Amino acid sequence: MESYGQLKLELIRKGLVVPDEVRDVSEVIGGYCDGRPGDEIVLSLAENFIVKVPIKETGQSQPTLNLVNGKVKLRYMDKEIEVNIVPLPNFVREQMKKRSPISENACIDGYCMNLFLRAVGQKNRLNLSQETILSVIKAAFEEGAADLIQLNMDYCREPDRGLTRLAPMVKAIKKEFSTFIALRGFPPKDKQILDRVYAAGIDLLNFPLEGFVGFPKKEDVISQPLVYGALEYAAKIFPPGTVWTELFLEPGSIDPLKDKIAYLTKKGILPLLRLTTPSIATEEYFHNVIEVARYLETNVQNSRLPLKWLFPHCRYMSPLDTGFFLDPTDKAKLNAKPVYKSLLGRKTLEGYTKLRRKLRIKDVSDSVGSSRVDLQACKLEYSIVSPK
């Protein structure tokens, strides 16, 4: 194992065997719901470097958890590697046992609470009620399981992709909790909707360029030019470092991927790379991963985009953690300290984002004199999160 990044890729590719003799160890029990094949467990390979791994049946050459001198270790490639098992939050475990709607529409990734939402019927309805969402956020925060919220909005055929349905939800979250809110979803047909999304209180925005699947009709497919246009527009609205997209880091030629990374970072957009691994990993594949990590790190450094808004992901490589793919295990660390882990930093940025949002609304107000509809919409969305 040359790096923690290589180990992460191997775990994603091969999964993890949890033998019967370690299943009853409290540290292991705390990491999953039932521990059966198909369940998942999150390992911390190093501080702030995590991976979510599917539990597999016993097999040859599989990464395996062992108990060595009373300590749980990962055995792989004839080596014993110290890892920590990230406890499954109690509120998640309880919801999974009850098979409640939350169990299928919420998860923790690092210190981000993901909620998966979709439009249901008319009148701005969502698949989860406001009461349910506030309740699960409260449980996550009280348990110390999350430091920010990401709303993942499923595809919606409405021109705004259902984004304006989220405004009341954002209002309620901001009213109850002092937190940052990320939005991951589909770009609207009208880019100016993004002014209202920002005004409503969304702090971080992610429109994936790759990974959209399952569209029921051909006309529903989101074109890449539409995504690029929305990302570039958003980068002019949101603070630097808060507009992201997703690309696949796949086997094969990496030149097209490098071209996208270069273009995006020049436009002020941070790429997150989804880690997908081949059934048989070759030296060439690992070499390409390292080359892409170095290229991503260099381009982001040249763009001078801040990394403090990023957070560790279980199954992505981001500009925040390229060091874990490039550096030896004894030197690997994050390239910046996420703001969410600093109370003072969070308070400072909360004040900054509120002021910046207010000034942005004023700029929009001053520039749309002949467009009263857009102006009133922006004012309405801002009033959702402004103190009385």
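Residues numbered from 1 in each chain as written. Predicted model: local features only at pLDDT ≥ 70, side-chain atom pairs only at ≥ 80, totals over all residues. Heavy atoms only, no water.

Helices and strands together make up the secondary structure of the protein chain, namely 14 helices and 15 strands. Within the structure as shown, the protein chain displays about 18800 Å² of accessible surface, and the carbon and sulfur contribution to it stands at 49%. (Helix = DSSP H or I, 4+ residues; strand = E, 2+ residues; numbered from the N terminus. Areas by Shrake-Rupley, 256 points an atom, 1.4 Å probe, with all protein chains shown as cover.)

Right, let's talk about the pairing of strand β8 (residues 106-109) for a bit. By the bridge criterion, four bridges tie β8 to strand β9 (residues 112-117) in an arrangement that is antiparallel. When the bridges of β9 are listed, I108 appears paired with M113. The turn joining β8 and β9, which pair antiparallel and follow one another in sequence, is formed by two residues; a positive phi near 65° is taken by G110. (Pairing = 2+ DSSP bridges.)

Another aspect to go through is the environment of P306. The topology assignment puts P306 in the loop between α11 (283-303) and β15 (316-317). It is 8.4 Å that separates the C-alpha atoms of P306 and A336, two residues lying 30 residues apart in sequence.

Per the counting criterion, the structure on display carries one cavity of 30 Å³ or more. If you trace the largest cavity, you find 11 residues lining it, with L163, T164, A167, V197 and A200 closest to the centre. Those elements that provide at least two residues to the lining of the largest cavity are α7 (167-176) and α8 (193-200). Residues belonging to the lining of the largest cavity are distributed by class as follows: eight nonpolar, one polar and two charged. (1 Å grid on protein atoms, 1.4 Å probe; cavity = no way out; pocket = protein on both sides within 12 Å on 5 of 7 lines; lining within 4 Å. Points joined across faces, edges and corners; volume = space filled by probe spheres on them. Nonpolar A, V, L, I, M, F, W, Y, C, P; charged D, E, K, R; others polar.)

Before going further, it helps to spend a moment on the packing of helix α9 (residues 224-235) against helix α10 (residues 255-266). In contact at an axis separation of 10 Å, α9 and α10 are set at 30° when each is read in the N-to-C sense. Crossing of α9 against α10: the hand is right-handed. Contact with α9, carried on its side by Q224, Y228, L231 and E232, involves K260, Y263 and L264 of α10 and no other residues of that element. Partitioned by chemical class, the residues of the contact of α9 with α10 number four nonpolar, one polar and two charged. (Axes fitted to C-alpha atoms, helices over the stretch in contact; angles between N-to-C directions. Left-handed = near helix turned anticlockwise from the far one by under 90°. Contact = heavy atoms within 4.5 Å.)

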